[in-house]
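The chain contents come next:
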Amino acid sequence: MLTDERHQLIRDRLAAEGRVLAGELASRFGVSEDTVRRDLREMAKAGQCRRVYGGAVAAAPFAAAPVSLRGGHAVEEKMRLARAAVTLLSSGQSLFIDGGTTNAAIASAIPRDLELTIATNSLGVASALSDHALVELIVLGGRFDRDLGTCVGADTLAAVAQLGADLFFLGSCGLDASRGVTAFDSAEAEVKRAMARNSAGIVIAVTNDKLATAAPYRVAGPEAIRHLVVEKTAPAAILADFEHQGAEIHFA
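What you are looking at is a predicted structure, and each value in this text was computed from that prediction instead of being measured.

Draft legend 1. Broad picture of the sheet that holds strand S15 (residues 225–230). Strand order in the open sheet formed by 7 strands is S6-S5-S4-S9-S12-S15-S16, with parallel pairing between adjacent strands. Bordering the open sheet on either side are strand S6 (135–139) and strand S16 (248–251), each of which pairs with just one other strand. Taking the axes of each pair of neighbouring strands and ignoring which way they run, one obtains an average angle of 20° across the sheet. With 4 bridges connecting them, strand S4 (residues 94–97) and strand S5 (residues 116–120) associate as parallel partners. Directly across from phenylalanine 96, in S5, lies its bridge partner alanine 119.

Quick look at the structure:
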């Protein structure tokens, strides 16, 4: 089998299942695992996948785009996710909500009769909550990154360190049952990790295109996810892996 043929079959498997294992591919192709690992290295360099222990997962290229470009992507899906996510809320809770277009939709969907304390480093989330009379809004300052749409850096981390939350609505760039939650930007990942440490539970609302994908910077392990809000069409096999590690699945 030619190299290009193997690469195409690997791309097809990643598109269908989100991940591949080097050992299984070697058996299927009738080649050594070293050959498959070389294939995966070449594909990773081309941005077609991301290497993980034992194989590879699909890349999440659109999630790396500036937030201004992501706003028009999967709008209806994100609105449905948002409506499902806010059913997890009750009056009196304190929340962290970080950046991302799905999290901005969640902020907009929060019922007006809920009294909440919400801390965010996202200008989009803060804007969505600015006229919510019953929300005590805490804007976490710092260096504003226009591409991310969030504040990051030492000042943001210092502000997060002074707070605690019942739930953290974490905007994910990649989400995989083995690697957990990942991000494309190191400064963004650092703020996410700080919020996760200071929260009693993590909630992630995610469209199907981010499931079984990975970005370079690790935020939290899969076992840290308490609630996972997904589309009704999310692959059952992928969701089963998250359930096995303790996540409660909610369908939008």
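Next comes the rest of the account.
Draft legend 2. Local environment of unusual backbone geometry. Here alanine 212, not a glycine, exhibits a phi torsion of approximately 60°, which is positive. Within the fold, alanine 212 resides in the loop between strand S12 (202–206) and strand S13 (213–214). A residue is classified by how much of its surface remains accessible, and alanine 212, at 1% relative accessible area, is buried.

Draft legend 3. Inspection of the sheet that holds strand S14 (residues 217–220) at higher detail. Across the sheet, which stays open at both edges, the 3 strands sit in the order S10-S11-S14 with antiparallel pairing between neighbours. Only two strands of the sheet have a single neighbouring strand rather than two, namely strand S10 (174–176) and S14. When strand polarity is set aside, the average angle formed by the axes of neighbouring strands in this sheet is 35°. Running over the sheet, helix H9 (residues 186–197) touches strand S11 (180–183) and S14 and is turned about 15° from S14.

Cut-offs applied
Residues numbered from 1 in each chain as written. Predicted model: local features only at pLDDT ≥ 70, side-chain atom pairs only at ≥ 80, totals over all residues. Heavy atoms only, no water. Pairing = 2+ DSSP bridges. Helix = DSSP H or I, 4+ residues; strand = E, 2+ residues; numbered from the N terminus. Axes fitted to C-alpha atoms, helices over the stretch in contact; angles between N-to-C directions. Buried < 20%, exposed > 50% of the residue type's maximum accessible area, 1.4 Å probe, protein only. Contact = heavy atoms within 4.5 Å.

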